[in-house]
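# Descriptive analysis of the structure
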Amino acid sequence: MKREHQENGPVCKHCEGISGSILYGKYGYYLKCSACAGNTSIRVECDQAGHKARVRKDGRTFYRECEACASSSVYFVNPE
Ligand SMILES: [Zn+2]
Ligand SMILES: [Zn+2]
């Protein structure tokens, strides 16, 4: 079932948990869920249809950025 409203941050596809850490792996960034230890690959989308957003990491903070509309917003902050 497709979510009508995308949460700001990543959601675990296994348990719908939203806590954990974003890690970088072979296939790009993914959420390592702290509740079930499952991995969920991360896909970010711009609010504008047809735009391709990407994730930018700066320390523990991850941003969702879109070049097409020059937007940048905080997506997730890893716990220490
Ligand atoms: Zn989980
Ligand atoms: Zn955009």
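Residues numbered from 1 in each chain as written. Chains lettered and ligands numbered in written order. Predicted model: local features only at pLDDT ≥ 70, side-chain atom pairs only at ≥ 80, totals over all residues.

As a further point, take the pairing of strand E6 (residues 71-77). Looking at chain direction, strand E5 (residues 61-66) and E6 are connected through six bridges and run antiparallel. Residue Tyr-63 lies in a different strand from E6, and its bridge partner there is Val-74. Hairpin remark: E5 followed by E6, antiparallel, with four residues in the connecting loop; positive phi at Ala-70, about 50°. (Pairing = 2+ DSSP bridges. Helix = DSSP H or I, 4+ residues; strand = E, 2+ residues; numbered from the N terminus.)

The next point concerns unusual backbone geometry. One non-glycine residue, Glu-16, lies in the positive phi region at around 65°. By the C-beta count within 10 Å, which is 13 here, Glu-16 ends up partly exposed. A positive phi angle, near 65°, is found at Ala-37, a position not held by glycine. Checked against the element boundaries, Ala-37 lands in the loop between strand E2 (28-33) and strand E3 (39-41). A residue is classified by how many C-beta atoms lie within 10 Å of it, and Ala-37, with 11 of them, is exposed. (Buried ≥ 20, exposed ≤ 12 C-beta atoms within 10 Å, placed from the backbone.)

The subject of this paragraph is the confidence of the model for the chain. Looking at the chain, the pLDDT average stands at 90 and 91% of residues meet or exceed 70. Taken element by element, the predicted model of the chain shows its lowest mean pLDDT in E6 (93) and its highest in E3 (97). Below a pLDDT of 50 lies the segment residues 1-7, which in the model reaches two contacts outside its immediate sequence neighbourhood of four places, other chains included. (pLDDT = per-residue confidence, 0-100. Contact = placed C-beta atoms within 7 Å.)

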